[in-house]
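# Structural overview
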Amino acid sequence: MNPFISIDWSAAWREAFLAHAPENATSEYWDKRAELFQNQARFDEYTRLILRRLRVGGGQSVLDVGCGVGNLTLPLAQRARTVTALDVSEPMLAYLRKNAAEAGLKNIEIKQLDWLEAGIGSDVPVHDIVVCSCAVVTPEAQSMLVKLNEAAGRIVYLSWEIAHPFHAAVYRALGRPYRSYPNYIYLYNLLYQLGIAAEVSVVKSRRQIQFESPQAALAHWRARLRNLSPQEEKNLLEFFQKELKQTAGVWIPRRPYPSSWALMSWRK
Ligand SMILES: C[S@@+](CC[C@H](N)C(=O)[O-])C[C@H]1O[C@@H](n2cnc3c(N)ncnc32)[C@H](O)[C@@H]1O
């Protein structure tokens, strides 16, 4: 038996996604997180490392699927001819509009759409380059990937998480089982089953996590988890007070918790 072929990776992803993060597949979930995304520096180093690896040139059109508040959209708009920024969440796009206006960027077209429902060639034309950064937040990963492929004229860039040890440590401190998305290997194998052999570049960040204070770290996780008991709040604050140290005006982990992502890409 060849497990890479006999496992149904689409079904395996769906099962793992629904077991760990079913609420993340709703637009309401992302609407509520827009402010958090706008205010946090969480993606700063990730964005910088990913941008270095994206080959995007002046004459090209880019489609950024699940663009959020525009962490990648804005720098890509400085390099590309045009960027279409697509997201299901209007509050995310409202921040993106504000960020683009502040940056004086005029080559961004914004579309509020659910990617799973967007018509390729009707709602969204084929673009030279399709980027999808940490946005396969659906049980229906296969449909999402097939459409990313259809929408690209030249290259698709798809990033997804490999591991977040700091998140795992937070769950340990809470005494809760670790809940995370199914990781990139599902998506890589799913692509393989679709006949796509993607290149993979591993992106690692040591400085990914930073907070204004241990209390701000607690507020961040309170917003992420939404149902912390008073005892869990106490345990978590103690954890942040012990694990974070102050340096150059911010609080970062005392020891490295390297987060990693896979940037998968394929040419058409
Ligand atoms: C983790 S954020 C990533 C944002 C951005 N790509 C980045 O790397 O900073 C995931 C984004 O995907 C969007 N999203 C989730 N499901 C979507 C769907 N079905 N169609 C379009 N956007 C979706 C969310 O609203 C959110 O903005």
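Everything below is about the structure shown above.
Remember, it's a predicted structure, so these values are computed and weren't measured experimentally.

The rules behind each value
- Residues numbered from 1 in each chain as written.
- Predicted model: local features only at pLDDT ≥ 70, side-chain atom pairs only at ≥ 80, totals over all residues.
- Helix = DSSP H or I, 4+ residues; strand = E, 2+ residues; numbered from the N terminus.
- Rg over C-alpha atoms; globule rule 2.2 N^0.38 Å.
- Buried ≥ 20, exposed ≤ 12 C-beta atoms within 10 Å, placed from the backbone.
- Contact = placed C-beta atoms within 7 Å.
- Near = placed C-beta within 6 Å.
- Nonpolar A, V, L, I, M, F, W, Y, C, P; charged D, E, K, R; others polar.
- Pairing = 2+ DSSP bridges.
- Axes fitted to C-alpha atoms, helices over the stretch in contact; angles between N-to-C directions.
- Parallel < 35°, antiparallel > 145°, perpendicular 65-115°, else oblique.
- Left-handed = near helix turned anticlockwise from the far one by under 90°.

### Observations regarding the overall build of the protein chain
- When its secondary structure is counted, the protein chain shows eleven helices and nine strands.
- Rg of the C-alpha trace for the protein chain: 19 Å, near the compact-globule value of 18 Å for 268 residues, within the 12% margin.
- Seen along its three principal axes, the alpha-carbon backbone of the protein chain occupies a region of about 55 × 50 × 30 Å.
- Here the protein chain holds 268 residues, and 34% of them are scored as buried.
- The contacts of the protein chain with a sequence gap of at least 6 include a subset with a gap of at least 24, amounting to 72%.

### As for the site of the ligand
- Around the ligand lies a shell of 20 residues, among which Trp30, Gly66, Gly68, Trp115 and Ser133 are the nearest.
- When its residues are assigned to classes, the shell around the ligand shows twelve nonpolar, six polar and two charged.

### Some details on the sheet that holds strand S6 (residues 199–205)
- A sheet is described by the order of its strands in space; here seven strands give the open sequence S3-S2-S1-S4-S5-S9-S6, paired in mixed fashion. Each edge of the sheet is formed by a strand with only one pairing partner; in this case those strands are strand S3 (108–112) and S6. Taken over all neighbouring pairs, the strand axes of this sheet differ in orientation by 20° on average, direction set aside.
- As judged from the six bridges shared by strand S4 (residues 127–133) and strand S5 (residues 152–163), these two strands associate in the parallel manner. Bridged to Ile129 within S5 is Ile155.
- The strands touched by helix H4 (residues 44–53) are S4, S5, S6 and strand S9 (259–267); relative to S6, the strand with the most contacts, the crossing angle is about 150°.

### Observations regarding the pairing of S9
- Judged from the eight bridges that link them, S5 and S9 form a sheet pairing that is antiparallel. Paired with Tyr157 across the strands is Ser265, a residue of S9.
- Here seven bridges tie S6 to S9, and the two strands are oriented antiparallel to one another. Counted as the bridge partner of Ser205 is Ser259 from S9.

### Observations concerning the packing of helix H7 (residues 141–151) against helix H9 (residues 184–193)
- Axis separation between H7 and H9 bottoms out at 11 Å; the angle between their running directions is 60°. With respect to their mutual orientation, H7 and H9 come out oblique. When the axes of H7 and H9 are compared, the crossing they make is right-handed. Here H7 contributes Ala141, Gln142 and Leu145 to the contact with H9, which in turn contributes Leu187, Leu190 and Leu191.
- Within the contact of H7 with H9, the residues separate by chemical class into five nonpolar, one polar and no charged.

### Some words on the packing of helix H2 (residues 9–20) against H9
- For the pair H2 and H9, the least separation of the axes is 9 Å and the interaxial angle reads 155°. Taken together, the axis directions place H2 and H9 in an arrangement best described as roughly antiparallel. When the axes of H2 and H9 are compared, the crossing they make is left-handed. On the side of H2, the interface is formed by Trp9, Ser10, Ala12, Trp13 and Ala16, while H9 contributes Tyr186, Asn189, Leu190 and Gln193.

### Things to note about the pairing of strand S1 (residues 61–65)
- Along S1, five of the five residues are buried, which leaves the element largely enclosed by surrounding structure.
- Residues Ser61, Leu63 and Val65 of S1 are buried on one face, and the alternating residues Val62 and Asp64, pointing to the opposite face, are buried as well.
- Pairing between S1 and strand S2 (residues 82–87): five bridges, direction parallel. Looking at the pairing, Val62 lines up with Val83 of S2.
- Both S1 and S4 contribute to a ladder of three bridges, which runs parallel. Paired with Val62 across the strands is Ile129, a residue of S4.

### Digging into the environment of Leu93
- Structurally, Leu93 can be placed in helix H6 (residues 90–103).
- Residue class for Leu93 comes out buried when judged on the 22 C-beta atoms lying within 10 Å of it.
- Through-space distance from the C-alpha of Leu93 to that of Gln112 is 7.5 Å; in sequence the pair is 19 residues apart.
- If sequence neighbours within four positions are ignored, Leu93 has contacts with Asp87, Ile110 and Gln112.

Coordinates in, geometry out; function isn't part of it.
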